[in-house]
Amino acid sequence: MLKKVEAGVLSVAYEESGAADGAPVLLMHGFPYDVHAYDDVTPLLVAAGCRVIAPYLRGYGPTRFLSPETPRSGQQAVLGHDLLAFMDALQIQSAVLAGYDWGGRAACIVAALWPERVSGLVTGGGYNIQYIPGAMQPQSPEIEHQLWYQYYFHGERGRAGLAQNRRELCRFIWQLWSPGWHFDEATYDRTAASFDNPDFVAVVIHSYRHRFALVPGDPTVEATERRLAERPPIKVPTVVLHGGNSGFTLLPSPEREKQFFTGSCVRRLIPAAGHNLPQEAPRDFAAAVLSFVQGAGSNPAVPSGREFAGG
């Protein structure tokens, strides 16, 4: 059911399913996706008794800014604050947070800075908090090649291209990042409607410029950005998911990733999945969430996928 609530600087639109008194699970989408990424995950969680909530991020779908004066920022700190304000607005003191890409970043930030609000974390792609102080440090040519879209958005040509060709561009990104996922036009169109949000382009462009320190951030969250620049560890129980067939980034080494998760952590590789984990592997994603809801607690275990490192 689509609902709306005023939370912080936003009127947040969100889908809610399941029992009102069920264990709360917040499902966070990324770019360029929306809440429909969880269409096949949600029924599995509802069947297990969960209260399932999937908000549209700022700049997506029916979510709107409350004031024209609010900066249309897409920086990481505002995503974390948006999620925290949303939980406050719904009076959710603690929940399982699950997400990937931008949504995984928001979930990781709340887990790192406000761990008392998180009973378990499922993060697609690992430690999604950006290290902006090191953003100008060159990486390997293979990784630089994969970041083409970010560099495209740094210039006016890229901003205009996103504004003019948002549906074609985002579909191309879906294909690149999930080469083994053969989605149909109806599936894509359900999500692509969210890109018609009047603030979509502004938020996306700011996000990809801010992470390279090319534009200033929202001054109201600068204190949070300073905390994130210290790369805070995540201490809450966590399941990390990676797609083994992702065209998005190279798979990080377990040793590198492990340093950011200092609590109990299980890492899983889903061999056939790409970047859009919940839509490509809904059962694996739901199983990771349910490992917390069904009492795995501080020692999560996922009954599907392949484990490639312990925490």
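See the structure above.
Presented here is an overview of the structure given in this document.

### Describing unusual backbone geometry
- Omega for the peptide link from phenylalanine 31 to proline 32 comes to -5°, which places this bond in the cis form.
- Relative to the assigned elements, proline 32 resides in the loop between β3 (23-28) and α1 (42-47).
- Notably, glutamine 91 is not glycine yet its phi reads approximately 55°, a positive angle.
- Turning to its location among the elements, glutamine 91 is positioned in the loop between α2 (76-89) and β6 (95-100).
- Assessed through its relative accessible area of 69%, glutamine 91 is described here as exposed.
- Phi is positive for alanine 213, close to 60°, though the residue is something other than glycine.

### Things to note about the packing of aromatic side chains
- Here the structure, examined in full by the defined rule, presents 29 aromatic pairs.
- Each ring, one from tryptophan 181 and one from phenylalanine 183, has its centre 4.9 Å from the other, and the planes form 50°; the classification is tilted. For the pair shown, tryptophan 181 and phenylalanine 183 are each scored as buried.
- The ring centre of phenylalanine 65 lies 4.1 Å from the NZ or CZ of arginine 72, which sits over that ring.
- The cationic tip of arginine 231 hangs over the ring face of tyrosine 131; the distance from NZ or CZ to the ring centre is 4.1 Å.

### A word on the pairing of strand β7 (residues 118-124)
- Among the 7 residues in β7, 6 count as buried, and that is most of the element.
- Of the strand pairs in this sheet, β6 and β7 are connected by 6 bridges, and their pairing is parallel. Its bridge partner being in β7, glycine 99 is matched across the sheet by threonine 123.
- Regarding topology, helix α3 (residues 101-113) serves as the crossover connection from β6 to the parallel β7, and that connection is right-handed.
- Bridge count for β7 against strand β8 (residues 238-243) is 4 bridges, and the pairing is parallel. By the bridge assignment, valine 122 is partnered in β8 with valine 239.

Thresholds applied
Residues numbered from 1 in each chain as written. Predicted model: local features only at pLDDT ≥ 70, side-chain atom pairs only at ≥ 80, totals over all residues. Heavy atoms only, no water. Helix = DSSP H or I, 4+ residues; strand = E, 2+ residues; numbered from the N terminus. Buried < 20%, exposed > 50% of the residue type's maximum accessible area, 1.4 Å probe, protein only. Phe/Tyr/Trp six-rings, centres within 6.5 Å; stacked < 30°, edge-to-face > 60°. Lys NZ or Arg CZ within 6 Å of the ring centre and 35° of its normal. Pairing = 2+ DSSP bridges. Right-handed = clockwise from strand over helix to strand, strands pointing away.

Honestly, it's all geometry; don't read function into it.
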